[in-house]
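# Fold and geometry: a report
One-letter residues, chain by chain:
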Amino acid sequence: MTGTLDAPAEELELQSSDLGVHTGLTGFGDAWLAGTAEGRLRYTERDGFLFVSAVVPPSVRYAEAVRALYIELFALTKRAGYPTICRLWHYLGDINGPTVDGLEVYRDFCVGRALAFEEVPAAMPPASAVGSAHEGVTVCLLATRTGRLTTIENPTQVPAYRYPAEHGPKPPSFSRAGYLDRPEGGMLFLSGTASITGHRTAHPGDLDGQLDVTFSTIASVVHGRNLARHGIRAHYGLGDFDRVTAYVRHAADLAAVDAACRVAFGTRTVVRLHRANLCRSELLVEVEGVIS
Ligand code: 3EB
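Residues numbered from 1 in each chain as written. Predicted model: local features only at pLDDT ≥ 70, side-chain atom pairs only at ≥ 80, totals over all residues. Heavy atoms only, no water.

Attention now moves to the nonpolar core. The biggest cluster of nonpolar side chains holds 52 residues, and the ones touching the most others in it are Val-52, Tyr-106 and Val-137. Setting aside anything within four residues of it in sequence, one finds Val-137 in contact with Ala-54, Val-55, Val-56, Tyr-62, Val-66, Tyr-91, Leu-92 and Phe-109. Counting 31 residues, the second largest nonpolar core, distinct from the first, contains Leu-188, Leu-238, Ala-246 and Val-285. (Core = buried A, V, L, I, M, F, W, Y, C linked by side-chain atoms within 4.5 Å. Buried < 20%, exposed > 50% of the residue type's maximum accessible area, 1.4 Å probe, protein only. Contact = heavy atoms within 4.5 Å.)

Here you go:
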């Protein structure tokens with residue numbers, strides 16, 4: 001089943017049902033609205049996973065609040081016995097807008113996240129960061145009790161955490177993918193992937209060009225040659241994805257992205273589309289996914 005063109009034209013509004021889709025796991029949808037509350041964190045445990053969500057309220061700047069939230073998230077996952085964060089999702093209101101200091105909200109968010117990883121050094125999990133109609137910064141994460149996560153980079157892209165300063169005062173703290181090894185079987189989490197080669201946007205303003213680079217980038221991330229470099233004995237192609245989510249900047253491009261995903265991923269993959277702003281103003285599409 002592919003191509004659920006069920007996303008309305010307005011900006012991404014998180015629904016509880018989306019979380020199961022984004023995590024690639026069933027049964028986490030209710031964690032969005034319910035779950036156990038601990039301060040501003042909400043969490044649910046299921047099948048060896050801990051799912052946590054938290055919101056930084058709308059503000060004139062975010063770096064310090066994001067740093068503090070990350071420190072709280074690290075502490076909660078440890079305390080709850082789920083020491084390995086295997087996936088993060090970030091939904092940023094007014095993602096391309098300026099803070100009161102004139103820095104783009106996304107770049108300001110990256111500053112706070114990077115400071116947290118400097119304070120508590122840890123492998124940087126796979127992630128997505130997209131715009132949302134929800135104001136403030138919403139962070140969701142999935143952590144594992146016993147699984148072992150191997151973070152994965154991609155030979156065609158500079159690791160995001162080494163992006164040069166032209167993209168912001170602190171680089172984005174995430175890896176391109178993560179392979180989770182657990183007794184129930186391996187799982188691969190693909191980060192939000194966009195038309196970036198090296199560290200620059202390829203084909204600014206050209207949807208077809210961006211889709212080509214995005215799909216070939218995803219193929220190179222999950223290819224056996226790349227996984228072998230990370231000590232993982234597995235090999236995947238686009239057709240192996242169980243679920244992907246495509247975030248599309250312009251509503252007018254939704255149908256074209258849907259059609260392109262049908263062709264690229266084939267009939268096995270469930271494709272979900274969302275209208276959403278993206279972290280670089282010239283990016284038109286970003287695709288994340290799960291293989292299990
Ligand atoms: C990129 O490759 C595109 O800041 O957490 C993709 C996935 C992107 C995650 C993040 C950003 C993030 O730089 C943007």
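Working note: α-helix, 3.6 residues per turn, so residues spaced by three or four point in the same direction. For helix H6 (residues 254-265), built from twelve residues, the straight-helix expectation of 16 Å at 1.5 Å per residue is met to within 8% by its first-to-last C-alpha distance of 16 Å. Residues of H6 that are buried: Leu-254, Val-257, Asp-258, Ala-260, Cys-261 and Phe-265. Considered in projection along H6, the buried side chains sweep an arc of 170 degrees and stay on one side of the axis. Of the surrounding secondary structure, the elements contacted by the buried residues of H6 are helix H4 (207-222), strand E12 (243-248), strand E13 (270-275) and strand E14 (285-291). Two residues or fewer past H6, Gly-266 is found with a positive phi of approximately 80 degrees. (Helix = DSSP H or I, 4+ residues; strand = E, 2+ residues; numbered from the N terminus. Expected span 1.5 Å × (residues − 1). Arc of directions from axis to C-beta.)

Attention now moves to H4. When the terminal C-alpha atoms of H4 are compared, their 23 Å separation across 16 residues agrees well with the 22 Å that a helix rising 1.5 Å per residue should span. For H4, the tally of buried residues reaches twelve of 16 residues, placing the bulk of the element in the interior. Buried residues of H4: Leu-207, Gly-209, Gln-210, Leu-211, Val-213, Thr-214, Phe-215, Thr-217, Ile-218, Ser-220, Val-221 and Val-222, and no others. Of the residues that open H4, the one with a side-chain oxygen 3.2 Å from the backbone nitrogen of Asp-208 is Asp-206. (Polar contact = N/O pair within 3.5 Å; in protein donor to acceptor, adjacent residues only side chain to side chain.)

Mapped onto the fold, Gln-210 is located in helix H4. For Gln-210, a relative accessible area of 0% gives the class buried. Filtering out sequence-adjacent residues up to four positions away, Gln-210 remains in contact with Ser-195, Thr-201, Ala-202, His-203, Pro-204, Gly-205, Glu-282, Leu-283, Leu-284 and Val-285.

Now for the sheet that holds strand E5 (residues 127-132). Read across the sheet, six strands follow the order E1-E2-E3-E6-E4-E5 without closing on themselves; strand pairing throughout is mixed. Bordering the open sheet on either side are strand E1 (36-38) and E5, each of which pairs with just one other strand. Here the strands of the sheet are splayed against their neighbours by 20 degrees on average, with no regard to which way each runs. Where strand E2 (residues 41-46) and strand E3 (residues 49-56) come together, six bridges link them in antiparallel fashion. Looking across to E3, one finds that Thr-44 is bridged to Phe-51. In the packing of helix H3 (residues 105-119) onto the sheet, the strands contacted are strand E4 (84-93), E5 and strand E6 (137-144), and the crossing angle to E4 comes to about 150 degrees. (Pairing = 2+ DSSP bridges. Axes fitted to C-alpha atoms, helices over the stretch in contact; angles between N-to-C directions.)

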